Amino acid sequence: MDVKWHSLMALVLVAAMAGWNATEASVVAEGAKVEKLAGDFRFTEGPAADAQGNVFFSDIPNNRIHKWSLDGKLSIFREDSGGANGLYFDAKGNLLACEGGGRRLVSIDPKGKVTVLADKYLGKQFNSPNDLWIDPKGGVYFTDPRYGNRDGMEQDGEHVYYLSPDRKRLIRVINDMVRPNGLIGTPDGKTLYVADNGDRKTFVYTINDDGRLSDKKLFASEGSDGVTLDNEGNIYLTTGVVAVYNKDGQKIEEIQVPERPANVTFGGKDSQMLYITARTSFYSVAMRVKAASQPRAGAESKYEQDTIETNAGDLTMTFIGHGTLMFGFDGKIIHVDPVSREGDYAGMPKADLILITHEHGDHLDPDVVKTLSKPGTQVVLTEACSDRVTGGLVMQNGDVKTIQNLKIEAVPAYNIVHMRSAGNPFHPKGQGNGYIITFGDRRIYVAGDTENTPEMKQLKNIDVAFLPMNLPYTMTPEMVADAAKAFKPKILYPYHYGRTDPDKLVELLKDTEDIEVRIRDMR
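Now for a description of the structure that goes with this document. (Residues numbered from 1 in each chain as written. Predicted model: local features only at pLDDT ≥ 70, side-chain atom pairs only at ≥ 80, totals over all residues. Heavy atoms only, no water.)

### Considerations on the overall build of the chain
A tally of regular secondary structure across the chain gives four helices and 43 strands. Considering the chain as a whole, with its 523 residues, one finds that 56% of them fall into the buried category. Within the chain, residue pairs in contact and separated by at least 24 positions form 51% of the contacts whose partners lie at least 6 positions apart. Side chains of the chain give 61 positive and 72 negative charges; the mean places of these two sets differ by 2 Å. (Helix = DSSP H or I, 4+ residues; strand = E, 2+ residues; numbered from the N terminus. Buried < 20%, exposed > 50% of the residue type's maximum accessible area, 1.4 Å probe, protein only. Contact = heavy atoms within 4.5 Å. Lys, Arg positive; Asp, Glu negative; His and termini not counted. Charge placed at Lys NZ, Arg CZ, Asp CG, Glu CD.)

Here it is as structure tokens:
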């Protein structure tokens, strides 16, 4: 196959009749033209960009997934793809695929190992999973229409489903569409756009905390095969053209493609190239806008993230690993115990505030503190850390301070039971801090390396708690459960749990209705 076609296809931008005028900037880069990158396929679909910006796409009838690399080379990523259609990378770099022929949703790891995530609903096979989107929590929305031969359909219609982040709960979230197809969600995980190609309409929904959808509204009076979103909130639908709508549902532009487009995604080194799968070919065009800001796998949010609401805006929590966390709130970035062995901090956001719980090397990394610092960064640490980090603000156990407009409370963190030797605890009392950070009306407790101390068990009004569970240095699951039952956090994350099985904690607290235990990858 001739991998690179150098002919440039004319780009025609058509002003929409509603809501656009010639003085407004095009979404396409000035002077850019649609370029045919590769051809001789049978039906291209499902483009998705990886962390670096390489783009993967399906050729459904040929039963393959291809990769278009940043250096302009085409290769085959997977043969016998199960009739893969829609593709999407998760936060860990796995490629999720809707296998229309295989009638299942699968995950393909970087080495090519395939794991089936879902193939049935209520014991009946799916129709032909088509397109998918992964929300910020790691849950998967996917459509299940059927095109062509309708033999063997077991479901009672063509619907949309949601698979929970832990892959244990599959629910049907839309059951009133003719033929759902393309879908995309907003970076904050609050809004989902779903095209009903069978009814030639696209709808917008509110995403609820449990993954279900509500507040259905008509967004556009045309359906779509594939859908994507840019960083200005514009939505891209594929029908006879690539139709661009603003977030108010007004068509602002059309991008003409030599062949009828099937799907689109942003990719390339800076996520500022629009890639278009269109029947027998694969196209691209340089853009003024870029991909919506939901980080892709391989950026800082290759790690799992959760978002909780506060009365002063959303709080984003990034689970980097071990005792290392990152919070985003009100335009500020707060790092907790950042260490290089847990993440590549060169590409992460600079810190407004850094909290260090104690002096051990798995919690204190002076080089990373320097990497994350910028003018105005404040570092909060313990006395034992202060000789290794200059300019830090020492907080003693029991101190309460307002820093970066955030209330910070230092909670004692120490061992009672686990010792290096008799009378020599792994973490002596008075040397380490846990921290309670108040974000709006939410109190978040990061315990540091500690056991279930009396001070911990006396805490009040904790919304989210991070409790360590790593033997022999911190707590057993039983100790964590004991502490949680005493101070009753609304949400409990075991962290720094090493080889300790977090499912034991889930079992211990299964009958404690007021505490939601969430397991994230914090080994």
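Still more to cover.
### Observations regarding empty space enclosed by the protein
Scanning all chains against the criterion turns up one cavity of 30 Å³ or more. Space inside the largest cavity adds up to approximately 60 Å³. If you go around the largest cavity, the residues you meet are H358, E359, H360, A413, F426, H427, P428, Q431, G432 and D449. A class-by-class count of the residues in the lining of the largest cavity yields three nonpolar, five polar and two charged. (1 Å grid on protein atoms, 1.4 Å probe; cavity = no way out; pocket = protein on both sides within 12 Å on 5 of 7 lines; lining within 4 Å. Points joined across faces, edges and corners; volume = space filled by probe spheres on them. Nonpolar A, V, L, I, M, F, W, Y, C, P; charged D, E, K, R; others polar.)

### Here's the deal with the layout of surface pockets
By volume, the second largest pocket amounts to about 320 Å³. Around the second largest pocket, the lining comprises 19 residues; the ones closest to its centre are Y147, N197, D225, T238 and R260. Across the lining of the second largest pocket, the residue classes break down as six nonpolar, seven polar and six charged.

### Topic: the pattern of salt bridges
Scanning the entire structure with this criterion turns up 28 salt bridges. Measuring nitrogen to oxygen at the nearest pair gives 2.8 Å for the salt bridge that ties R179 to E158. Taken as a pair, R179 in the loop between β16 (170-174) and β17 (180-185) and E158 in the loop between β14 (140-144) and β15 (159-163) lie far apart in primary sequence, 21 residues in all. For R179, a relative accessible area of 22% translates into the label partly exposed. Judged by relative accessible area, E158 falls into the buried class, the value being 6%. The partner of D199 in a salt bridge is K201, and the shortest N-O contact between them spans 3.5 Å. One connected set of salt bridges, linked through shared partners, spans D306, E516, R518 and R520. (Salt bridge = Lys/Arg side-chain N within 4 Å of Asp/Glu carboxyl O.)

### Some remarks on the sheet that holds strand β13 (residues 132-134)
The strand order across the open sheet formed by four strands is β13-β14-β15-β16, and the pairing between neighbours is antiparallel. Where the open sheet ends on each side, the last strands, each with one partner, are β13 and β16. Each strand of the sheet is rotated relative to its neighbour by a mean of 25°, with strand direction disregarded. Strand direction decides the pairing type here: β15 and β16, joined by four bridges, are antiparallel. Bridging from a neighbouring strand, L163 pairs with L170 of β16. (Pairing = 2+ DSSP bridges. Axes fitted to C-alpha atoms, helices over the stretch in contact; angles between N-to-C directions.)

### What to know about the pairing of strand β39 (residues 432-439)
Most of β39 is tucked away: eight of the eight residues are buried. Neither face of β39 is open: one carries G432, G434, I436 and T438, the other N433, Y435, I437 and F439, and all of them are buried. The pairing of strand β36 (residues 406-413) with β39 spans seven bridges and is antiparallel. Directly across from I408, in β39, lies its bridge partner I437. Summarising the sheet, β39 and strand β40 (residues 442-446) pair through five bridges and their orientation is antiparallel.

Just geometry here; none of it tells us what the structure is for.
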